[in-house]
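# Geometric and topological summary
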Amino acid sequence: MTLLQLQVFLCVVETGSFTKAAERLSMTQSGISHMISGLEEELGVVLLSRSRKGSKMTEAGEKLWAHARAIMQHVEQIQDEMFAFRGLERGTLRIGTFPSVSARFLPSLMALFQVRYPGIELILFEGTNQEVRNWIHTGAVNVGFVSLPDQEFDTTPVMKDEMLLLLPADHQLAGQSSVAVSQIAHDPFILTRAGCEGLVLSMFRPAVPQVKYEVQDTATILAMVKQGLGITILPQMALPDDTKGISAVRLDPPVYRHLGLAVQSSAAASPAVRTFIREAETFGCSLMVETVAE
C-alpha cells in the first residue's frame, strides 16, 4: 500500500468518477483503475462499486476512507511543518465555508492571504453551517467557518454579522429606522434553514414566530418576501446587493450572529491552518473597525 494509492482512492471518492480523478491527478484512466485494483487486491476487499452513474464506496471502502483521510492529513501536516522549519510558507489548506461568507468575506481575505503566502494553496468547500461542521469532524476540511458558540471544536472568533428584518416594500413597518421583535410576532414568518435558524428563533422567546414557511435557499426566501408571502430575518452578509422590492430594517435592540473558524484541535493544527486563522482574525477585526467608523 502506497501513499499514491490512498491519494488516488480519496480522489475517486471525492469526484465520484475514475475519469474525473484521472483529470485532477493528471493520470490516465487506466492508471487510476490499475491503482485501485492493486489496492483492492492487496487488501482483499472491494473498495468501490462501479456503475454507469459513477463510483460509490462499499462498506469496506468507507472504513478505508476514514483511515486514508487521516493518513493524508498527517502527511500534509508533516510537509507543512518541515517547510515551516526551513523558513518556507507552503502547504495546502482546505477551508469549509457557507455562501454568505464566501461572497462577502472570503474573496478579500483570500486575495490578501495569497499575496502574503503565495506558496499556500487554498481550496474551498461550500455548504450549510451543519455541512461545514460535518466536514471538520470527518477531516474533509482543515478548518471551517462556523456560527458561534460551538462546543464541539476549538474555535477562534473572527467577525460578527448583523441580523436584519426583511419586509415587503409595502409593509406598514417598512422604512422604519428599527423594529422590535415584539412588533412582528404575529406576521407570517419565513424561517431560514441555512444555519442560523436557532439564533432567529431565540429572538422571539418566550414567544414563537408565526412560521409559515421554512426555506434553505436565500434567493427563494427573498423572492417570497418580495411577493408578500411573509417576512424574515437574515444575516446582512447573506443579502445580495440588489434588494429591490424589499425593505431591510435593523432590529431594536440589534442582534448579531458571531462567526469563527473551527478546527478539531488547535494543538494539532498545521502551520498553514494557524497562519490562516491568524490572518482571518486580524482581517475580521479591521472590517469591524471600519464599520464602526462609518
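Just so it is clear, the model here is predicted, and its values are computed rather than measured.

### Focus on the pairing of strand 8 (residues 188-192)
For a regular strand, side chains alternate in direction, first toward one face of the sheet and then toward the other. Of all 5 residues in strand 8, 4 are buried, a share of seventy percent or more. Note: strand 8 against strand 9 (residues 210-215), 5 bridges, orientation parallel. Residue P188 lies in a different strand from strand 9, and its bridge partner there is Q210. For the segment spanning strand 8, helix 8 (residues 197-204) and strand 9, crossover handedness is right-handed.

### Section: the side chain of E76
Relative to the helices and strands, E76 resides in helix 4 (residues 59-85). Note on E76: relative accessible area 18%, which makes it buried. Within polar-contact distance, the side chain of E76 engages the side chain of R94 at 2.9 Å. Setting aside its immediate chain neighbours within four residues, E76 contacts R69, T92, R94 and N142.

### Digging into the pattern of salt bridges
Counted under the stated rule, the structure contains 12 salt bridges. The partner of R24 in a salt bridge is E14, and the shortest N-O contact between them spans 2.7 Å. Within this pair, whereas R24 is found in helix 2 (residues 18-25), its partner E14 is found in helix 1 (residues 3-15), the two being separated by 10 residues in sequence. When its relative accessible area of 48% is taken as the criterion, R24 is described as partly exposed. E152 is paired through a salt bridge with R133; the nearest N and O atoms lie 2.7 Å apart. Remark: R133 occurs in helix 7 (residues 129-138) and E152 occurs in the loop between strand 5 (143-148) and strand 6 (154-168); sequence separation between them is 19 residues. On the basis of relative accessibility, which here comes to 41%, the residue E152 falls in the partly exposed class. Since its relative accessible area comes to 16%, R133 is described here as buried.

Thresholds, definitions, all that
- Residues numbered from 1 in each chain as written.
- Predicted model: local features only at pLDDT ≥ 70, side-chain atom pairs only at ≥ 80, totals over all residues.
- Heavy atoms only, no water.
- Buried < 20%, exposed > 50% of the residue type's maximum accessible area, 1.4 Å probe, protein only.
- Helix = DSSP H or I, 4+ residues; strand = E, 2+ residues; numbered from the N terminus.
- Pairing = 2+ DSSP bridges.
- Right-handed = clockwise from strand over helix to strand, strands pointing away.
- Polar contact = N/O pair within 3.5 Å; in protein donor to acceptor, adjacent residues only side chain to side chain.
- Contact = heavy atoms within 4.5 Å.
- Salt bridge = Lys/Arg side-chain N within 4 Å of Asp/Glu carboxyl O.

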